[in-house]
Amino acid sequence: MAFRRNDRGRGRRDEGPRRNERIRIPKVMVVDDEGTQLGVLDTRTALGMARERGLDLVEVAPNADPPVCKFMDYGKFLYQQKKRAQEAKRNQTVIQIKEVKFRPKTDDHDYGTKLKHIRRFLEGGDRCKVTVFFRGREIVHKDRGLMVLERVQQDTEDIAKIESRPTSEGRTMTMMLAPVKR
């Protein structure tokens, strides 16, 4: 990145590689737009050749000795780079962590509903955090909370693997489930 002064005299950073007149090195290694090496040339000569072809002279390897410059349409290059970044962003999958909370006294019907949610999250490719929350004197019966987590584990073993075993922290007991790759 080149450091340049704007019209108010304060410095600002220029984005992207140096190109055309911003290349101030006397000699550069030149590669044309087809990828053929033209050898080490004077920067002014290389710039003139690029202008004849209607292209820009862009510094692609500034740390090489001598620096490597290439003939290219810089606007088209930026456009293609932007499109590639958008395509990569579109193709990436974001895995979220979904949380389902139980109580040690959760009834069978409520358990079934919450289990459906867990299965839906796992089939959608998300990780699931299963939490048992204890209130008041329920904390004395941690074994009941552990039974709930083990039941969830058994009911989802066909589509999930345990990422972290049940752990107790304060008034909660948690377990992480991750979807099994098919």
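Owing to the predicted nature of the structure, the values given are computational and were not obtained by experimental measurement.

Enquirer: Describe the packing of helix α3 (residues 108–123) against helix α4 (residues 142–155), with residues and values.
Expert: The geometry of α3 relative to α4 is characterised by a closest axis approach of 11 Å and an angle of 50° between their N-to-C directions. If you check the angle between α3 and α4, you find them oblique. Considering only the axes of α3 and α4, their crossing is right-handed. The segment α3 lies against α4, with D108, Y111, L115, I118 and R119 engaging R151, V152 and D155. For the contact of α3 with α4, a count of residues per class yields four nonpolar, no polar and four charged.

Enquirer: How would you sum up α3? Please name residues and give values.
Expert: Every α-helical turn comprises 3.6 residues, leaving residues that sit three or four positions apart pointing alike. The terminal C-alpha atoms of α3 lie 22 Å apart, and with 16 residues this matches the ideal 22 Å at 1.5 Å per residue to within 8%. When α3 is considered as a whole, its buried residues turn out to be Y111, L115, I118, F121 and L122. Take α3 and look down its axis: the buried residues cluster within an arc of 120°, on one side only. Opposite the buried face of α3, by more than 90 degrees, sit the exposed residues H109, K116 and E123. Those residues of α3 that are buried lie in contact with β7 (97–102), β8 (127–133), α4, β9 (160–169) and β10 (172–179). Positioned one or two residues after α3, G125 has a phi angle of 95°, which is positive.

Enquirer: Could you give me a rundown of the pattern of salt bridges, with the residues and numbers involved?
Expert: With the rule as written, the count across this model stands at nine salt bridges. Salt bridges here are not isolated pairs; linked through shared partners, they connect D32, D33 and R53.

Enquirer: Break down the environment of K114 for me, with residues and values.
Expert: Counting through the fold element by element, K114 comes out in helix α3. What makes K114 partly exposed here is its relative accessible area of 27%. Spatially, the C-alpha atoms of K114 and K76 are 52 Å apart, while their sequence positions differ by 38 residues.

Enquirer: Outline the side chain of D32, listing residues and values.
Expert: With respect to the element layout, D32 can be found in the loop between β3 (27–31) and β4 (37–42). Overall, D32 belongs to the buried group, its relative accessible area being 6%. The contact partners of D32, leaving out residues within four places of it in the chain, are L38, R53, K70 and F71.

Enquirer: Can you break down the side chain of N20 residue by residue, with the values?
Expert: Here N20 shows up in the loop between β2 (11–13) and β3. You can call N20 buried: its relative accessible area is 11%. Polar side-chain contacts of N20 include one of 3.0 Å to the side chain of D56. Filtering out sequence-adjacent residues up to four positions away, N20 remains in contact with L47, R51, D56 and L57.

Enquirer: Before we move on, could you go through the sheet that holds β7 and cite the residues and values that matter?
Expert: Sheet architecture is open: four strands sit in the order β7-β8-β10-β9, paired in mixed fashion. Of all strands in the sheet, those with a lone pairing partner are β7 and β9, marking the two edges. Between one strand and the next, the sheet's axes are offset by a mean angle of 20°, whatever the strand orientation. Along the sheet, α3 contacts β7, β8, β9 and β10; its crossing angle with β7, the most-contacted strand, is approximately 170°.

Enquirer: Pulling in residues and values, what's your account of the sheet that holds β4?
Expert: With mixed pairing, the four strands of this open sheet are ordered in space as β4-β3-β6-β5. Here the strands that pair on one side only, and so sit at the sheet edges, are β4 and β5 (56–61). Neighbour-to-neighbour, the strand axes of this sheet turn through a mean angle of 35°, independent of strand direction. Two elements, β5 and strand β6 (residues 68–72), share five bridges in a ladder whose sense is antiparallel. Counterpart to L57 in the pairing with β6 is F71. Taken strand by strand, helix α1 (residues 43–52) contacts β3, β4, β5 and β6, and its axis lies near 125° from that of β4.

About the thresholds
Residues numbered from 1 in each chain as written. Predicted model: local features only at pLDDT ≥ 70, side-chain atom pairs only at ≥ 80, totals over all residues. Heavy atoms only, no water. Axes fitted to C-alpha atoms, helices over the stretch in contact; angles between N-to-C directions. Helix = DSSP H or I, 4+ residues; strand = E, 2+ residues; numbered from the N terminus. Parallel < 35°, antiparallel > 145°, perpendicular 65-115°, else oblique. Left-handed = near helix turned anticlockwise from the far one by under 90°. Contact = heavy atoms within 4.5 Å. Nonpolar A, V, L, I, M, F, W, Y, C, P; charged D, E, K, R; others polar. Expected span 1.5 Å × (residues − 1). Buried < 20%, exposed > 50% of the residue type's maximum accessible area, 1.4 Å probe, protein only. Arc of directions from axis to C-beta. Salt bridge = Lys/Arg side-chain N within 4 Å of Asp/Glu carboxyl O. Polar contact = N/O pair within 3.5 Å; in protein donor to acceptor, adjacent residues only side chain to side chain. Pairing = 2+ DSSP bridges.

None of the figures reported here should be taken as evidence of function without further support.
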